[in-house]
Structure formats: structure tokens, C-alpha cells
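Structural characterization, general
As a plain string of letters, each chain reads:
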Amino acid sequence: MIEYLRKLKQAEKYIREIITEKPEVGVVLGSGLGSLADDIKDAIEIKYEDIPNFPVSTVENHDGKLIFGTLENKKVLVMKGRFHYYEGYDLNMSVFGIRIMKMLGINDVIITNAAGGINLKFKEGTLMLIRDHIGLLAPSTLRGENLDEFGTRFPDMTYAYNREHLSTAITTARKLGIHIEQGVYAFYRGPNFETPAEIKALRILGADAVGMSTVPEVIAANHAGMNVIGISCITNMAAGITEKRLRHDDVIETTNRVKSDFVRYIKGIIGELTCTV
Ligand code: HPA
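Note that the structure is a prediction, hence the values are computed from the model and not measured. (Residues numbered from 1 in each chain as written. Predicted model: local features only at pLDDT ≥ 70, side-chain atom pairs only at ≥ 80, totals over all residues. Heavy atoms only, no water.)

**Regarding the layout of surface pockets**
In this structure, the largest pocket encloses a volume near 340 Å³. For the lining of the largest pocket, the elements supplying multiple residues, two or more each, are β5 (108-117), β8 (209-211), β9 (227-237) and α7 (248-272). The element contributing the most residues to the lining of the largest pocket is β5, with four residues. Its residues placed into classes, the lining of the largest pocket shows ten nonpolar, ten polar and two charged. (1 Å grid on protein atoms, 1.4 Å probe; cavity = no way out; pocket = protein on both sides within 12 Å on 5 of 7 lines; lining within 4 Å. Points joined across faces, edges and corners; volume = space filled by probe spheres on them. Helix = DSSP H or I, 4+ residues; strand = E, 2+ residues; numbered from the N terminus. Nonpolar A, V, L, I, M, F, W, Y, C, P; charged D, E, K, R; others polar.)

Given below as C-alpha cells:
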């Protein structure tokens, strides 16, 4: 753990030499949802591979970089590219970026993802605000020695998705005329997609959507006392709901189709967000 903290501090020091202003909002961009980064003003980009100890993502369409700049009059720090459980990272390394955000002074973070729709009301392209999650099928990112520097051994997860931010996100959708749903996101380990039987089981457990990211990051963020907004882009109906086989290319195709609304929505939320400084 001392070694892990040393790695974090070394990365923080490097980033602080390049980004001298304090970011207010953190954003993690999901698969195919990276185009938000193009709208950032006065952008400073740092490639993950240039940051000491920072993991490097291995997935296609996840080009790894941190981008700092201004969006809707707020200073944002965006992670374009994230580290999935299925890529084989050590759990602590998979949430390295979230902890760096906290160290740089960020308390409010928007975590986005592409997800499969389990709720039959959803369609390809639906945007879902995450109200809660099911992460019990994989180990917690907090497994192992507690990092007291970030938070307590047994962090509360009752409001894992901050209630005030959630209502800001709902109001923003209404203002912008963007249709959103709300629901429970279930974590699946991946990298294979789920079987139809697994999707049925997840529905019985109360899931509305399923994906291979977000939950580990939300746990680390809550541990560190950060306020989280979670947004899923439903890129496909989950396995067995239609006859169709699941393909990563279809996930990317849907994100391409909805990205303009997605970007408009995230920008709208950032503009309306009251940040904890
Ligand atoms: N399952 C898991 N992860 C996903 C899916 C899915 O159907 N779609 C996009 N990410």
C-alpha cells in the first residue's frame, strides 16, 4: 500500500506540473463516448503513457488521455479511456484515475458508460441516469488493506449516486428536452457478454442495465467521499432480449448515433452542477 500511495503521489506531482489550476468536475468517458473531449476549451492533454505509473488502456476505441480545460464555465478534468476489470488490472490500479482526481481536489465526478438494456422499456440509444448499482458479483475495489488516506474501511453506499446531483441531472434533461430513464446498473465482469440466462437473473435481482465498468470506480469515489453522477448509454438490448447476437461494433455504432445528445446532456449537467470545493 505504501508503494501504491507512492505511485499515486508521483503521478499527481507530474500532473500538477502541467495542470496548475484546480479542476472542479471530473468526467470519465465510456466506450465510444469520447467526443465530449472535443468541446473542451483551452484543453491541456496528457497521455496516460506519459504519466508515471498511470495504467494504459488496452481496449480499441479507448485512447487513453487526461484532458483538462473549460466546459460550460467550469474547470473539468476528463478521463478519455478507463481501466476495466476484464483487462486484468490489479483492482487498485483500475481506479488509479479516480484517486488522482480526488488528490487534485475533485469532489464531484460524472461517470459514464455504454451498457446493455435489461429493462424492456429501454431502446438502443436510451440514456439512463444510474440511481443505484449491483456490484456483488465481483470483488470490491477496496479489497485488501484500507487506504486510510482516502476513506474508512467500511464506507456507506446508501447514496452512492448523489441525490442532489441526480435531481440536477433530471432537471437538466427536462430543460434540454432530452429523454432520460433512471435505473439500476449491474456490473458484469466481462469481457464476454452475458448469457441470456445471466440477463434473466440480473433482471430478477433488480437490474435495468448491465455493463463492464463504472461500479469499481463508483466504489472508489464513494470511499474517497466524492459525489457521483452515473450515466449509461444503452447501446444494445442485453443478451437474449432480441434474437440478435451482441457485437462490440454495434455498441460503438449506437454511441456514434447518440453522441450529440450525450455531449449536449453532459455539458448541460456540468453547467448546472453545484460543486463541492
Ligand atoms: N453487456 C455488458 N456490457 C455492455 C453491453 C452489454 O450488453 N453493452 C455495452 N456494454
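**So, the packing of helix α1 (residues 2-18) against helix α3 (residues 96-103)**
At a minimum axis separation of 10 Å, α1 and α3 run at an interaxial angle of 60°. The angle between the axes of α1 and α3 places the two elements in the oblique class. Every pair of crossing elements has a handedness; the one defined by α1 and α3 is right-handed. Along its contact with α1, which presents Tyr-4, Lys-7, Leu-8, Lys-9, Ala-11, Glu-12, Ile-15 and Arg-16, the element α3 presents Phe-96, Arg-99, Ile-100 and Met-103. Grouping the amino acids of the contact of α1 with α3 by side-chain chemistry returns seven nonpolar, no polar and five charged. (Axes fitted to C-alpha atoms, helices over the stretch in contact; angles between N-to-C directions. Parallel < 35°, antiparallel > 145°, perpendicular 65-115°, else oblique. Left-handed = near helix turned anticlockwise from the far one by under 90°. Contact = heavy atoms within 4.5 Å.)

**Let's talk about the pattern of salt bridges**
Applying the stated rule across the entire model yields twelve salt bridges. The partner of Arg-82 in a salt bridge is Glu-217, with the nearest N and O atoms 2.7 Å apart. Pair noted here: Arg-82 is in the loop between β4 (74-80) and α2 (91-94) and Glu-217 is in helix α6 (residues 215-223), with a separation of 135 residues, a long-range link. Here the two residues Arg-82 and Glu-217 agree in accessibility, since each one is buried. (Salt bridge = Lys/Arg side-chain N within 4 Å of Asp/Glu carboxyl O. Buried < 20%, exposed > 50% of the residue type's maximum accessible area, 1.4 Å probe, protein only.)

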